[in-house]
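Summary of the model geometry
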Amino acid sequence: GFLSLSRDLADANALPDFWGENAGGQIVQLADKGIRGKWVLVEFWSLADRDRAAREQALRQLRQQHEDDDRLLIWSVCVEEDRAEWMKAMNARPD
């Protein structure tokens with residue numbers, strides 16, 4: 001997968017726009033998610049992260065706790081450059 005920033009990170013009060021490729025091969029953009037007024041958690045992960053399974057479990061619990069609240073947006077971003085390895089990890093994740 002890849003990730004791009006649309007602007008400088010100098011303004012600490014504003015979330016930069018991110019875009020990248022999702023598991024389905026489509027380009028997705030954070031700004032398209034209607035983030036104004038929402039709580040946005042952007043999680044960056046790597047295949048080398050030893051605590052990935054525990055973090056994913058915590059994120060699943062957080063999603064379940066807020067499943068009826070559309071104010072929370074959780075965006076997971078894989079920082080791997082090897083798409084085959086990234087997809088292998090995505091396919092191995094429990095839902």
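Sequence order as written defines the numbering, with residues in each chain counted from 1. Side-chain atom pairs in this predicted model are given and counted only at pLDDT of 80 or more, local residue features only at pLDDT of at least 70, and totals for whole chains, interfaces and linings cover all residues. Processing note: side-chain calculations cover all non-hydrogen atoms of the structure and skip hydrogens and water entirely.

1. Quick notes on the confidence of the model for the protein
Values of pLDDT, which run from 0 to 100, indicate the predictor's confidence residue by residue. Here the protein shows a mean pLDDT of 78. Residues at 70 or above account for 81%. Strands are runs of DSSP state E lasting at least 2 residues, helices are runs of H or I lasting at least 4, and numbering of each runs from the N terminus. Ranking the elements of the protein by mean pLDDT puts strand E1 (residues 3-5) last with 46 and helix H1 (residues 52-65) first with 89. Segment residues 1-7: pLDDT under 50, and 24 contacts once partners within four positions in sequence are set aside and those in other chains are kept. Throughout, a contact is declared for two residues whenever any of their heavy atoms are within 4.5 Å.

2. A look at the pairing of strand E5 (residues 72-78)
Only protein chains enter the area calculation, which uses a 1.4 Å probe; residues under 20% of their type maximum are buried, those over 50% are exposed, and those in between are partly exposed. Burial of E5 is extensive: 5 of the 7 residues sit out of reach of the surface. In this fold, strand E4 (residues 39-45) hands off to H1, which returns the chain to E5; that crossover is right-handed. Think of it like this: strands point away, you trace from the first strand over the helix to the second, and a clockwise trace means the crossover is right-handed.

3. Structural notes on the environment of Val 79
Locating Val 79 in the fold gives a position in the loop between E5 and helix H2 (83-92). Taking relative accessible area as the criterion, Val 79 reaches 46% and is therefore assigned partly exposed. Measuring from C-alpha to C-alpha, the distance between Val 79 and Leu 47 comes to 8.5 Å, with 32 residues separating the pair along the chain. Setting aside chain neighbours within four positions, we find Val 79 in contact with Phe 44, Trp 45 and Ser 46.

4. Comments concerning the pattern of salt bridges
By definition, a salt bridge exists where a carboxyl oxygen of Asp or Glu is found within 4 Å of a side-chain nitrogen of Lys or Arg. Evaluation of the coordinates by the stated rule reveals 5 salt bridges. Measuring nitrogen to oxygen at the nearest pair gives 2.9 Å for the salt bridge that ties Glu 21 to Arg 83. Here Glu 21 is found in strand E2 (residues 18-21), whereas its partner Arg 83 is found in helix H2, with 62 residues between them in sequence. In this structure, Arg 52 and Glu 56 form a salt bridge, with 3.5 Å as the shortest nitrogen-oxygen distance. Of this pair, Arg 52 and Glu 56 both sit in helix H1, 4 residues apart, roughly one helical turn. Each member of the pair, Arg 52 as well as Glu 56, is classed as buried. Linked by salt bridges that have partners in common, Glu 43, Asp 49 and Arg 55 make up one network.

5. A few points about H1
Between its first and last C-alpha atoms H1 spans 20 Å; for 14 residues at 1.5 Å apiece the expected length is 20 Å, and the two agree. Where H1 is buried, its residues touch E4, E5 and H2. A helix is expected to reach a length of 1.5 Å times the quantity of its residues less one.

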